[in-house]
Protein chains: 2
Amino acid sequence: MASDQTRSAILAAAERLYADRGFGDVTLRDIVAEANVNLAAVNYHFGSKDELIAELFVTRSLQLNRERLRELREAEEAGNGIGDIADILRALVGPTLRGCLGPDTQHSTAARFMIRVNIESVPAIRRIRNREIDHLRKFIAAMKRTLPERSDVELYWGLHFALAMAQQTVRDTERLTKLSEGKCDVDDVDGVIDRVVRVAVMALSAGDATSKALTRAMAREAR
Amino acid sequence: MASDQTRSAILAAAERLYADRGFGDVTLRDIVAEANVNLAAVNYHFGSKDELIAELFVTRSLQLNRERLRELREAEEAGNGIGDIADILRALVGPTLRGCLGPDTQHSTAARFMIRVNIESVPAIRRIRNREIDHLRKFIAAMKRTLPERSDVELYWGLHFALAMAQQTVRDTERLTKLSEGKCDVDDVDGVIDRVVRVAVMALSAGDATSKALTRAMAREAR
DNA sequence: TTGCATTTCAAACATTTGTATGAAACTATC
DNA sequence: GATAGTTTCATACAAATGTTTGAAATGCAA
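The structure presented is a predicted model; accordingly, all values stated were derived computationally and were not measured. (Residues numbered from 1 in each chain as written. Chains lettered and ligands numbered in written order. Predicted model: local features only at pLDDT ≥ 70, side-chain atom pairs only at ≥ 80, totals over all residues. Heavy atoms only, no water.)

Trainee: Please provide a residue-by-residue account of the overall build of chain A, values included.
Mentor: Assigned secondary structure in chain A consists of twelve helices and zero strands. Ordered by position from the N terminus, the helices and strands of chain A form the series α-α-α-α-α-α-α-α-α-α-α-α. In chain A, which comprises 223 residues, the proportion classed as buried is 52%. When contacts within chain A are restricted to residue pairs at least 6 apart in sequence, long-range pairs at least 24 apart make up 71% of them. Counting only carbon and sulfur atoms, one obtains 50% of the accessible surface of chain A, whose full area is about 10000 Å². (Helix = DSSP H or I, 4+ residues; strand = E, 2+ residues; numbered from the N terminus. Buried < 20%, exposed > 50% of the residue type's maximum accessible area, 1.4 Å probe, protein only. Contact = heavy atoms within 4.5 Å. Areas by Shrake-Rupley, 256 points an atom, 1.4 Å probe, with all protein chains shown as cover.)

Here it is, written out as structure tokens:
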């Protein structure tokens, strides 16, 4: 086992470089230079470049999922096993947005790395991502407990849209800021989370009479 | 000018290969083999690999934007310059979803290419994408005409979320299908469009009293 | 210290990649 | 049908990249 400090140095350097410059144009030589270790060290400690990337992603992924489930548990415990739907959705999108948005994001390597993962999509990561489904099912189950009369399809679409809004906000922060000329304050993380959650809650009723009534109400207002 | 058939063959072959295998692992040699032309032909006709990719993307992008604007114009003409908000949003997300979803997607190279563009993100394309903002502003303007009393911020977020849902659906069709065990029918393109539009319309009222009332209503129902 | 396993290192390897070159083939104009 | 411009072709180039190798260094137990 020894000191492991070479291994850690590689992980840290790789995450930093990937976060800053993306997966596309960071070579092993860049990484070992940043980490001040020998070129062969990567293959010695990780086997291959892809396995290094995979380890980085898995580590951060597990952290994210742990945090999500922790918040989900909190939400359900507060309601004696039945969480408020907004809190459940907040547990789903909150950790991502809190991790990847906000003014202090510039200082968190892990955050910027996960943003990269959301923007680019390298095969080594795509393979792992497919295992995320079991994790999401836990949220579907919790949503079902809270809204038992909702059809499954509505729940799936609701979760899908919630993730869509969160991830697109992370991915396209720059475009939204430019488009809105800074009027959309993505640094107000809690505000963004509230907004996403609110829309996601509404999305869950997209097939319902209530929502159709709302749509009609808006149409009237527009006249 | 001459025949241009080499040029076209390269474009067609490149689009097909990129659509099938992604930008990451398609080399110029793969492309020229598929197109039955000489290796040097790519640099002769396009200058560089990146310019070839750029031309492919620009072509498809212009098509998409043209179609969006056509539908937007239709929507506004139907209402004497003021379109129904749902129709405006439909003009925004409809072309993308109609192009990239549905059972016949397997047969359209252009569609699969644009899906790739949504999944992967290569520098050559990212650069061009930033010019999309002017295009989106036209939709903001149309939305503003229909909902003049809405604050700009609400409009920006609404458009952002609409695109988020559409693009994530294109990007993560597979995950949604797996997660829902096929219960979410993404082949029903019109159904998906309706759903996205409906949620997007609701999102536009995320800061309003109406939506807060709806949220409260749902909370009551959940009890 | 000796011996053994782990880790580091410099160097080389083997491909793969986009691009450049210069001659040949082709095309169209006069 | 000669000439000039365009296009095609085989081949070479140069650089980059992940990986391997075998020896040197290091750590550690007996």
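Trainee: Could you give an account of the interface of chain B and chain A, with specific residues and numbers?
Mentor: Taken together, the contact pairs 56 residues of chain B with 55 residues of chain A. Of the roughly 5800 Å² buried between chain B and chain A, counting both surfaces, carbon and sulfur atoms make up 65%. Taken as a group, B:Trp157, B:Leu179 and B:Arg195 account for 13% of the area that chain B buries against chain A, more than any other trio of residues on that side. Taken together, the connections running from chain B to chain A amount to six salt bridges. Across the pair A:Asp152 and B:Lys183 runs a salt bridge whose closest N-O atoms are separated by 3.2 Å. (Buried area = accessible area lost by both parts, 1.4 Å probe. Salt bridge = Lys/Arg side-chain N within 4 Å of Asp/Glu carboxyl O.)

Trainee: Can you tell me about helix H11 (residues 189-203) of chain A, naming the residues and giving the values?
Mentor: Because an α-helix packs 3.6 residues into every turn, residues spaced three or four apart end up facing the same way. The end-to-end C-alpha separation of H11(A) is 21 Å, in line with the 21 Å expected for 15 residues at 1.5 Å each. What H11(A) keeps buried is the set A:Val189, A:Val192, A:Ile193, A:Arg195, A:Val196, A:Val197, A:Val199, A:Ala200, A:Val201, A:Met202 and A:Ala203. (Expected span 1.5 Å × (residues − 1).)

Trainee: Give me the protein's contact with DNA strand D: which residues, what numbers.
Mentor: Taken together, 17 residues are adjacent to DNA strand D, and A:Thr27, A:Lys49, B:Thr6, B:Tyr44 and B:His45 come closest. Counting only the atoms of DNA strand D within 4 Å of the protein, the fraction contributed by sugar and phosphate is 49%. Contacts to DNA strand D include A:Leu28, whose backbone N or O atom sits 3.0 Å from a phosphate oxygen. One nitrogen or oxygen atom from the side chain of B:His45 is found 2.7 Å from a phosphate oxygen belonging to DNA strand D. With three residues, the single largest contributor to the surface near DNA strand D is helix H3 (residues 40-46) of chain B. Grouping the constituent residues of the surface near DNA strand D by class yields eight nonpolar, six polar and three charged. (Near = heavy atom within 4 Å. Polar contact = N/O pair within 3.5 Å; in protein donor to acceptor, adjacent residues only side chain to side chain. Nonpolar A, V, L, I, M, F, W, Y, C, P; charged D, E, K, R; others polar.)

Trainee: Break down the pattern of salt bridges for me, with residues and values.
Mentor: Two side chains of opposite charge can pair, provided their charged atoms sit close to one another. Taken as a whole and judged by the stated rule, the model has 40 salt bridges over all chains. In this structure, A:Glu67 and A:Arg70 form a salt bridge, with 3.0 Å as the shortest nitrogen-oxygen distance. A residue pair is termed a helical-turn pair when its members lie 3 or 4 positions apart in one helix, as A:Glu67 and A:Arg70 do in helix H4 (residues 49-78) at three residues. For the salt bridge of A:Arg150 with A:Glu149, the shortest nitrogen-to-oxygen distance reads 3.1 Å. Judged by relative accessible area, which is 5%, A:Arg150 ranks as buried. Three or more residues are tied together by salt bridges with common partners; here these are A:Arg68, A:Glu132, B:Asp172 and B:Arg175.

Trainee: With reference to specific residues and values, describe the packing of helix H5 (residues 85-100) of chain A against helix H9 (residues 152-171) of chain A.
Mentor: All names here are of chain A. Look at H5 against H9: their axes get within 10 Å of each other, and the N-to-C directions meet at 10°. The pairing of H5 with H9 is recorded here as roughly parallel in orientation. Across from Leu-89, Leu-92, Val-93, Thr-96, Leu-97 and Cys-100 in H5, the residues of H9 making contact are Leu-159, Ala-162, Leu-163, Ala-166, Thr-169 and Val-170. (Axes fitted to C-alpha atoms, helices over the stretch in contact; angles between N-to-C directions. Parallel < 35°, antiparallel > 145°, perpendicular 65-115°, else oblique.)

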